Each structure stands twice: as C-alpha cells, then as structure tokens.
Amino acid sequence: MNSKGRVAIGNAQRTRLLQEVGGICPFCGLELIGSLQIHQIDRVSSNTIDENLLAVCASCHEQLTRQLIPDSEVFWRKRALQNGVHPVRREKPGMNVSGTDNRGGIIAQEFHGKVVIEGATNRGPIILSGSIGDNPDLYRYVEYLIKRLTTFRQAGESFGQKRRGKIHAGGTRNILANEFDNLPKDLPVEKFDDLVLTLKQKIDNTALGRKNHAQGIRNYHAFEEHGRKKKK
Ligand SMILES: [Zn+2]
C-alpha cells in the first residue's frame, strides 16, 4: 500500500519501530496490536530511517497527519523513546511497575503521575506523562509564577504601562505557549528550568518587578521554599 500519507517500510523495520514503543502508542497509551501505523516525523516520504519514524495508533496518526499535535511534542516523545523511556504509561492495577522487565522495555518507574486518556474519541483534558502538568510539585510552582506574573502585569497599570484588554492568568499562559510551542502544563519536565527562568525574567522586567528589585524586595519565592511552604 502506497497511498498518500502511507510509508512503505519492511517488516523488520516495522517490528523495530513497534519494539521501540513497547507495543504502546507513545501519544495515548493504546496497545498497538491491530492498530499500528507509522508516522513520518518530517513528512518527507523518502526519509524512512528509524529516527524519522514513529509507531503510533490510527487515531493519533490521524491527528498527527492533520498537524493537530505540535512538532515539539512529537520530537520529545521520540527522544524519550530513543533514551529508553516510554512517554506514556497506563496505570494498571496489579501491574508490576518496579520490575526491570515489564512491557518490553518500558521504564515505568521513570514516571510519577498518572496518564489517563479514556477512549480515543473523547479527548478531554489530557495530562501528558512526563510533562510539567504530570508533576504536582513542578506544576504548582509554575502556576505560582504564572499568577505572580499576572499580578505584576496587572500592577503595571498603576505605573502607567499600556495594556490591551483585561490581564488574566489565561493570557499569561498563552504568552508562554507562544514562546514554548505548548501550554506550560504540557511541556516536558526537561523544559521546567527554561520555563521558570523565562517567568522570573518576565516578572523582574515588569514595572513593579523593577521597582521591587531597586528596593531590595524579592519578586518571588524560590522553588525549594515554595514547595516547603505549601506542603501541609
Ligand atoms: Zn494513540
């Protein structure tokens, strides 16, 4: 079959790619038995090296083909797999997650949170495994900084800063999403330091942030302080 959008690859390669994902779709966690498709990461049909291919389920392949999933997300999932870490793990009662030999090489203990995607057609709020949103401590701190930045941006008004429309946390999140190609909660945990640094710089660069700084007043808690303070 060589219809448009289909990649012609041999059985051996297909098997390798299936093994790479441990038989589980790296986007939604579906078992790929009976639903295996191969996504071409760069969409160049002649580029059929393993690095450019990703085994996925039919439903996610559809979304990938329609470019409903950002490239950045495809890249980090492929990278995780190449590093031997499966980006999705479905919690299964009784499943041995601490063993070293579960599910064909999936390193389950690398994941702290729960990935739950109920059914391929019902796409409600999704928490990506290995994302910031999947890690409560990181997520709390990021949300704290987002609210902090929002407050500082709002305060800008009293310093004569120009603004368009009402400032709210959603707008702050969208600014970050534009910069990082993804909503803060959906970014891989490896992006946490970048994200935090960007947020701190933005806070420091607001009028209130600069005023505080000049007066020796801190603009935010450090991550470590924050975690302890909020813990109850
Ligand atoms: Zn899928």
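What counts as what
Residues numbered from 1 in each chain as written. Predicted model: local features only at pLDDT ≥ 70, side-chain atom pairs only at ≥ 80, totals over all residues. Helix = DSSP H or I, 4+ residues; strand = E, 2+ residues; numbered from the N terminus. Expected span 1.5 Å × (residues − 1). Buried ≥ 20, exposed ≤ 12 C-beta atoms within 10 Å, placed from the backbone. Arc of directions from axis to C-beta. Core = buried A, V, L, I, M, F, W, Y, C linked by C-beta atoms within 7 Å. Contact = placed C-beta atoms within 7 Å. Axes fitted to C-alpha atoms, helices over the stretch in contact; angles between N-to-C directions. Parallel < 35°, antiparallel > 145°, perpendicular 65-115°, else oblique. Left-handed = near helix turned anticlockwise from the far one by under 90°. Nonpolar A, V, L, I, M, F, W, Y, C, P; charged D, E, K, R; others polar.

### Structural notes on helix 6 (residues 192-205)
Then comes step 1: Helix length check: helix 6 (14 residues) gives 20 Å between terminal C-alpha atoms against 20 Å at 1.5 Å per residue, within 8%.
Then comes step 2: Residues of helix 6 that are buried include every one of Phe192, Leu195, Leu199, Lys202 and Ile203, and no others. Taken around the axis of helix 6, the buried residues stretch over an arc of 100°, which confines them to a single face. When the buried face of helix 6 is taken as reference, the exposed residues oriented beyond 90 degrees from it are Asp193, Asp194, Leu197, Gln201 and Asn205.

### Here's the deal with the nonpolar core
Then comes step 1: With 18 residues, the main nonpolar core has Cys25, Phe27, Cys28, Val56, Cys57 and Cys60 as its most contacted residues.
Then comes step 2: Counting residues per element, this core draws most heavily on strand 2 (residues 53-57), at 5 residues.
Then comes step 3: Residues within four places of Cys57 in sequence aside, it is in contact with Cys25, Cys28, Leu30, Leu32, Ser35 and Gln37.
Then comes step 4: Counting residues in each nonpolar core, the second largest holds 15 residues, with Tyr141, Val142, Phe152 and Phe192 among its members.

### With respect to the packing of helix 4 (residues 136-155) against helix 5 (residues 169-180)
Then comes step 1: The interhelical angle for the contact between helix 4 and helix 5, taken along N-to-C directions, is 110°, at an axis separation of 9 Å. Relative to helix 5, the element helix 4 lies roughly perpendicular. Crossing geometry of helix 4 relative to helix 5 is assigned as right-handed. Contacts from Ile146, Lys147, Leu149, Thr150 and Arg153 in helix 4 reach Ala169, Thr172 and Arg173 in helix 5.
Then comes step 2: In terms of residue class, the contact of helix 4 with helix 5 is made up of 3 nonpolar, 2 polar and 3 charged.

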